[in-house]
Amino acid sequence: MSNAVSALQGASFDGYCKVDEAGLVGMITLRGDLSSAAVAKAVKTATGADIPGQGEITEGVKGRAGWMSPDELLLIVDHAEAPNVVDAASKALANEHALVVNVSDARAVFRVTGAACREVIAKLTPADTSVMQPGMLRRTRIAQIPAAFYLEDDETAVLVCFRSVAQYAFDILSDAAKRGGEVV
Amino acid sequence: MLILECPYCGVMADETDLHGGGEAHLKRFGPGSSDDEFETYLFHRKNPKGIHFERWRHVSGCGKWFHAARNTMTLEVYGTYSAQTYEPPKAIINAVKKKHPEWEGWT
Ligand SMILES: [Zn+2]
């Protein structure tokens, strides 16, 4: 087995917010009928979380479940566990019109920490970050790339993007978080 | 800046989160149609100064296609609605009519 590494291997930047690449994060795309009991059960087993409503992200003991579209969820789990979770969920959903894929190594995750975490992201996205509260997830873009973000708490934003643009995401987030760039 | 509500996500998404898909509710003319019908289907589009029904895709959001009724001159948005329909829903038609009693209809 090759040694798994995250895109930027924990790179970090210290500004008026802190920007950290989150390291290895297990991420699973689940597509299917989100109103189906079998899907709800599979999500519960995988993460401990309930099915999120539109625009929400729920939390369980083993991970989170984020609403990505009317037929798509993002499951966030332990990186090493992700292949097992995919196997189990695929078996459980064998008779459903559903798809479960491990996308952990196709993605990069960043944490923006600080009281102004909403402001740092607001500099890069057209989404209204002031309305974002913990438990909400927004898919949008930052500068030129697609990204999704949610808040772990009022001072911690987690942002997910494609691995191929991880360096770009880190650079623009760091730039937005530079000291002296405070808006208010 | 044009801002549309994605009917699937329920969020206000601005133009840069979206991708325009041109005129909505086109009827396809494929094999068996006349050359004139085929040409019209492929190339002839409405280009009104005013009320227009359009397709949009929430490209950096949910990725879904949806419909929007808006005014090309004032940028007023009358409403957005699901892609799973062949014609604008009653509520959208009523919203346009309320503003423009003289409006001749969408077809
Ligand atoms: Zn959407």
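Heads up: the structure comes first, above all this text.
Below, the structure is looked at part by part.

Rules behind the numbers
- Residues numbered from 1 in each chain as written.
- Chains lettered and ligands numbered in written order.
- Predicted model: local features only at pLDDT ≥ 70, side-chain atom pairs only at ≥ 80, totals over all residues.
- Heavy atoms only, no water.
- Pairing = 2+ DSSP bridges.
- Helix = DSSP H or I, 4+ residues; strand = E, 2+ residues; numbered from the N terminus.
- Axes fitted to C-alpha atoms, helices over the stretch in contact; angles between N-to-C directions.
- Donors = N, O, S within 2.8 Å, 3.2 Å for Na, K, Ca; no water.
- Tetrahedral: all angles 85-135°; square planar, octahedral: opposite > 155°, others 65-115°.
- Core = buried A, V, L, I, M, F, W, Y, C linked by side-chain atoms within 4.5 Å.
- Buried < 20%, exposed > 50% of the residue type's maximum accessible area, 1.4 Å probe, protein only.
- Contact = heavy atoms within 4.5 Å.
- Buried area = accessible area lost by both parts, 1.4 Å probe.
- Salt bridge = Lys/Arg side-chain N within 4 Å of Asp/Glu carboxyl O.
- Lys, Arg positive; Asp, Glu negative; His and termini not counted.
- Polar contact = N/O pair within 3.5 Å; in protein donor to acceptor, adjacent residues only side chain to side chain.

**What about the sheet that holds strand β8 (residues 107-113) of chain A?**
Paired through their backbone hydrogen bonds, the strands of a sheet run either parallel or antiparallel. All names here are of chain A. Strand order across the open sheet formed by six strands is β1-β2-β8-β11-β10-β9, with antiparallel pairing between neighbours. Two strands close off the open sheet at either side, each with one partner strand: β1 (12-14) and β9 (137-142). Sheet twist, expressed as the average angle between the axes of neighbouring strands with direction ignored, equals 25 degrees. As paired strands, strand β10 (residues 145-153) and strand β11 (residues 156-162) are joined by five bridges and run antiparallel to one another. In the strand pairing of β11, F149 is matched with L159.

**Concerning the coordination of the zinc ion**
Surrounding the zinc ion are the protein donor atoms C6 of chain B (SG), C9 of chain B (SG), H58 of chain B (ND1) and C62 of chain B (SG), at 2.0 to 2.4 Å. Taken together, the four donor atoms coordinating the zinc ion span angles of 101 to 116 degrees at the metal, a pattern that classifies the geometry as tetrahedral.

**Points about the nonpolar core**
Of all hydrophobic cores here, the largest spans 30 residues; its most connected members are I28, L30 and L75 of chain A. Contributing elements (two or more residues each) for this core: β3 (26-31), α1 (37-47), β5 (64-69), β6 (72-77) and α2 (82-92) of chain A together with β5 (65-71) of chain B. Setting aside anything within four residues of it in sequence, one finds L75 of chain A in contact with G26, M27, I28, L30, V43, A46, T47, R64 and A65 of chain A. Core analysis: the next-biggest nonpolar cluster, separate from the first, contains 28 residues, Y16, M132, A169 and F170 of chain A among them.

**A word on the interface of chain B and chain A**
Counting residues at the interface gives 14 residues for chain B and twelve residues for chain A. For the pair chain B and chain A, the summed buried area comes to about 970 Å², and 46% of that belongs to carbon and sulfur atoms. Per-residue buried area on chain B facing chain A is highest for D17, S60 and K64 of chain B; these three make up 37% of the total on that side. Joining chain B to chain A, the criterion identifies two salt bridges.

**Brief notes about the side chain of E119 of chain A**
Residues and elements named next belong to chain A. Mapped onto the secondary structure, E119 falls in helix α3 (residues 117-122). Buried within the structure, E119 lacks any salt-bridge partner; K123 is the closest side chain of opposite charge, at an N-O distance of 4.6 Å. Contact partners of E119, with chain neighbours within four places excluded, come to Y16, G181, E182, V183 and V184.

**Regarding the sheet that holds β3 of chain A**
All names here are of chain A. The five strands are arranged β4-β5-β6-β3-β7 in an open sheet whose pairing can be described as antiparallel. For this open sheet the edge positions go to β4 (57-59) and β7 (99-102), each flanked by a neighbour on one side alone. Going across the sheet, the axis of each strand differs from the next one's by a mean of 20 degrees, ignoring polarity. One ladder, built from three bridges, connects β4 with β5; its direction is antiparallel. The residue bridging E59 from the neighbouring strand is R64, located in β5. Lying over the sheet, α1 contacts β3, β5 and β6, oriented at roughly 20 degrees with respect to β6. Most of the contacts of α2 go to β7, to which it runs at about 170 degrees, and overall it touches β3, β6 and β7.

**Let's talk about the environment of K46 of chain B**
Residues and elements named next belong to chain B. Mapping K46 onto the fold places it in the loop between α1 (35-43) and β4 (51-57). Along the backbone, K46 and E23 are 23 residues apart, and their C-alpha atoms lie at a distance of 7.2 Å. Beyond its immediate stretch of four places on either side in the chain, K46 contacts E23, H52, W106 and T107. Among the polar contacts made by the side chain of K46, one reaches the main-chain carbonyl oxygen of W106 at a distance of 3.0 Å.

**A short note on the pairing of β5 of chain A**
All names here are of chain A. Taken across its six residues, β5 has six buried, putting it largely inside the fold. Between β4 and β5, which follow one another and run antiparallel, lie four residues. Strand direction decides the pairing type here: β5 and β6, joined by five bridges, are antiparallel. Bridged to R64 within β6 is I76.

**Side note on the pattern of salt bridges**
All names here are of chain A. Summed over the entire model, instances satisfying the criterion amount to 15 salt bridges over all chains. As a salt-bridge pair, D71 and R31 come within 3.0 Å of each other at their nearest N and O atoms. Here R31 lies in strand β3 and D71 lies in the loop between β5 and β6, a separation of 40 residues in the sequence. Close ionic contact of E72 with R31 constitutes a salt bridge, the shortest N to O distance being 3.5 Å. With E72 in strand β6 and R31 in strand β3, this residue pair connects regions lying 41 residues apart in the sequence.

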